[in-house]
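Secondary and tertiary structure notes
So the chains spell out like this:
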There are 2 protein chains.
Amino acid sequence: MAAQRGEGDGVVTSPEAPADVRERARAIPEAAVARLAVYLRVLSGMVEQGVTTISSEELAGAAGVNSAKLRKDLSYIGSYGTRGVGYDVEVLVSHIERILGLTRKHSVAVVGIGNLGHALANYGGFPSRGFPVAALFDIDPDLTGVPVGGIPVNHIDDITSVCSEREVSIGVIATPPQAAQAVCDRLVSAGVQCILNFAPVVLQVPDYVEVRKVDLAVEMQILSFHVARRADEAANDVVNGIGVDGVVIRP
Amino acid sequence: MAAQRGEGDGVVTSPEAPADVRERARAIPEAAVARLAVYLRVLSGMVEQGVTTISSEELAGAAGVNSAKLRKDLSYIGSYGTRGVGYDVEVLVSHIERILGLTRKHSVAVVGIGNLGHALANYGGFPSRGFPVAALFDIDPDLTGVPVGGIPVNHIDDITSVCSEREVSIGVIATPPQAAQAVCDRLVSAGVQCILNFAPVVLQVPDYVEVRKVDLAVEMQILSFHVARRADEAANDVVNGIGVDGVVIRP
DNA sequence: TCAACTTTGTGCAAGCGTTCACAAGCGGTA
DNA sequence: TACCGCTTGTGAACGCTTGCACAAAGTTGA
């Protein structure tokens, strides 16, 4: 059992690899993958605006990163830029989409149709980006059959059959924390290997399952930490003779 | 203007620091802060179960991390364990809460009362953890005055006055992407220094503002990448004579 | 055709974060 | 009190990311 992200990602260099996309994909750092997704969004916006070519400097600015990092990230997926000119926006889009596996559709199942589940089921960003919501589940029998966002809710007991039948590749857990581990286990036994977890619980899963978590409480507490740090710094600075605005009050 | 997380976090060692919490807080790595929040939740669960003492090994297991990392994380906030015994759960809880700044309340404003905004406004996890939702905003005049989750919605034009009046320290952006930057600017001018952004946009903010983003599309695409990588590996392994289950089919 | 200019792609070094491994310290026991 | 076993706290090594700086490569203009 591996728990969430972390160890176990040891990149194993396989013997005599056909130097192509396969090997490339293994070597891309997780952090770079996350940024590639951001670049992709920015680039999609560019396409709509009719921009055909973009420099690393411009793209980096729009994506909020440093241009050297951007170029390194793009170099992981190959060299598709033109020196002295920049990158062809459409070419870049299609290469990033290929690397991120967005050329095929990934069916999504949402489990737990509460406030968040409703929001997710109705969220337009999923289907439009190649992530059709293929199934909804809840434990409440009253919800069974009721359509949410155009899809009827199934009972949670049918997870295994429905998920394998509809070839769900990504499971989204939006249940209360108590139910999350059980739901996760069922998803895994239904063959789902990627899970996005909104429940504030550390899920235990087999090594081959990829879990990403979105934890609002943790995000809020990180922000809280920064508020506190800032307040402390201010207090500290005042003690050291520097005013709250950074103005030195006792030179 | 700094964009989101990244550089600019250069830890400046201030002169003759009173070796206490203030200096400690600066030195804690961001990643460790995120984990501390997780430990805190696990520990809270322990308290409810009546557990009084816990070893690093146990806590690490429950939090899904390696025990050495856990001990190092805890060492950032001080030495509150007893060698040969472990940590006193309640002591640890109160120290983590102090470091994360959870001893004071942090008022939250949610902007954009769509599906997600509703879910956030009704989310019980916020108030119970010291993050009272103090204000809601939307651009739709029909929503103004309508209570959601017990709090009446204000019009977006009143952000500045309402936020400073109610001492909002954290702003949550749950608007469509087009509106996000404008809303962000208003929050910043209202004095909000911490922002949690759900809109799929890279926000541009002044250096002193802390932005965290929750980006569903990016999360999905990271999972998609792993699905694709896995499929490629499987294909690759079959080529190399290893079956899908890891069974060598051509020895 | 050639020179000047622009922008990519990448080797290298510095900085962080993670992991290892073990000394230091504490409670229990004789 | 002295010893033993267990667990913390942390110095040091390792490895991954980031950022710098520059050669390579392409375009433009004369």
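Now for a description of the structure that goes with this document.

Cut-offs applied
Residues numbered from 1 in each chain as written. Chains lettered and ligands numbered in written order. Predicted model: local features only at pLDDT ≥ 70, side-chain atom pairs only at ≥ 80, totals over all residues. Heavy atoms only, no water. Helix = DSSP H or I, 4+ residues; strand = E, 2+ residues; numbered from the N terminus. Buried < 20%, exposed > 50% of the residue type's maximum accessible area, 1.4 Å probe, protein only. Contact = heavy atoms within 4.5 Å. Areas by Shrake-Rupley, 256 points an atom, 1.4 Å probe, with all protein chains shown as cover. Near = heavy atom within 4 Å. Polar contact = N/O pair within 3.5 Å; in protein donor to acceptor, adjacent residues only side chain to side chain. Nonpolar A, V, L, I, M, F, W, Y, C, P; charged D, E, K, R; others polar. Least-squares fit on C-alpha atoms with pLDDT ≥ 70 in both. Salt bridge = Lys/Arg side-chain N within 4 Å of Asp/Glu carboxyl O. Pairing = 2+ DSSP bridges. Buried area = accessible area lost by both parts, 1.4 Å probe.

1. Notes on the overall build of chain A
Assigned secondary structure in chain A consists of 10 helices and 12 strands. Expressed as a percentage of the 251 residues in chain A, the buried residues total 49%. Sequence separation of at least 24 residues holds for 58% of the intrachain contacts in chain A that already meet a minimum separation of 6. Within the structure as shown, chain A displays about 11600 Å² of accessible surface, and the carbon and sulfur contribution to it stands at 53%.

2. A look at the protein's contact with DNA strand C
As a matter of local geometry, DNA strand C sits amid 25 residues, with Ser56, Arg71 and Tyr87 of chain A together with Lys69 and Arg83 of chain B nearest to it. A breakdown of the atoms of DNA strand C within 4 Å of the protein gives sugar and phosphate a share of 67%. With respect to DNA strand C, the side chain of Arg71 of chain B contributes an N or O atom lying 3.5 Å from a base nitrogen. Where the surface near DNA strand C is concerned, the elements lending two or more residues are helix 4 (67-77), strand 3 (81-82) and strand 4 (86-88) of chain A together with helix 4 (67-77) of chain B. Considering each element in turn, the surface near DNA strand C owes the most residues, four residues, to helix 4 of chain B. Split into classes, the residues belonging to the surface near DNA strand C amount to six nonpolar, 11 polar and eight charged.

3. Things to note about the side chain of Ser107 of chain B
Inspection of the secondary structure puts Ser107 of chain B in strand 5 (residues 107-111). Discounting residues that sit within four places of it in the chain, Ser107 of chain B has contacts with Pro132, Ala134, Arg166, Glu167, Val168, Ser169 and Ile170 of chain B.

4. Topic: the protein's contact with DNA strand D
Arg35 and Arg83 of chain A together with Ser56, Arg71 and Tyr87 of chain B are the nearest of the 25 residues found near DNA strand D. Taken together, the sugar and phosphate atoms account for 69% of what DNA strand D places within 4 Å of the protein. At a separation of 2.7 Å, a base nitrogen of DNA strand D approaches a polar side-chain atom of Arg83 of chain A. Between DNA strand D and Gly81 of chain B, the relevant distance is 2.9 Å, taken from a phosphate oxygen to a main-chain nitrogen or oxygen of the residue. It is helix 4 of chain A that provides the largest number of residues to the surface near DNA strand D, a total of four residues. Split into classes, the residues belonging to the surface near DNA strand D amount to six nonpolar, 10 polar and nine charged.

5. What to know about the relation of the copies chain B and chain A
Mapping chain B onto chain A leaves a residual RMSD of 0.1 Å; the transformation is a rotation of 180° accompanied by 0.0 Å of translation along its axis. Both chain copies can therefore be described as sitting about a two-fold axis. Comparing interface residues between copies, 99% of those in chain B also sit at the interface in chain A, which points to an isologous, same-surface contact.

6. Details of the pattern of salt bridges
In this structure the tally under the stated criterion is 12 salt bridges over all chains. One salt bridge in this structure joins Arg212 of chain A and Glu219 of chain B, with 2.5 Å as the shortest N-O distance. Residue Arg212 of chain A is found in strand 12 (residues 210-213), and its partner Glu219 of chain B is found in helix 10 (residues 216-239); the two belong to separate chains. Notably, a salt bridge pairs Glu30 of chain B with Arg212 of chain B, separated by 3.0 Å at the nearest N-O pair. Taken as a pair, Glu30 of chain B in helix 2 (residues 30-48) and Arg212 of chain B in strand 12 (residues 210-213) lie far apart in primary sequence, 182 residues in all. Each of Glu30 and Arg212 of chain A together with Glu219 of chain B takes part in a single network of salt bridges with overlapping partners.

7. Section: the sheet that holds strand 2 (residues 53-54) of chain A
All names here are of chain A. Strands sit in the order 2-4-3 across an open sheet of three strands; the sheet is antiparallel. Either end of the sheet is taken by a strand with one partner, and the two such strands are strand 2 and strand 3. Here two bridges tie strand 2 to strand 4, and the two strands are oriented antiparallel to one another. For Thr53, the partnering residue across the bridge sits in strand 4 and is Asp88.

8. As for the interface of chain B and chain A
Taken together, the contact pairs 74 residues of chain B with 73 residues of chain A. With both sides pooled, the region where chain B packs onto chain A buries about 6700 Å², and carbon together with sulfur makes up 63% of that total. When the buried area of chain B at its contact with chain A is split by residue, Met220, Gln221 and Phe225 of chain B rank highest and sum to 11% of it. Run the count over chain B and chain A and you get six salt bridges. With its nearest N and O atoms 3.7 Å apart, the salt bridge here joins Glu210 of chain B to Arg230 of chain A. One can count 22 residue pairs in polar contact (both at pLDDT 80 or more) joining chain B with chain A. A total of 21 residues in the side of chain B that touches chain A trace back to one element, the largest contributor, which is helix 10 of chain B.

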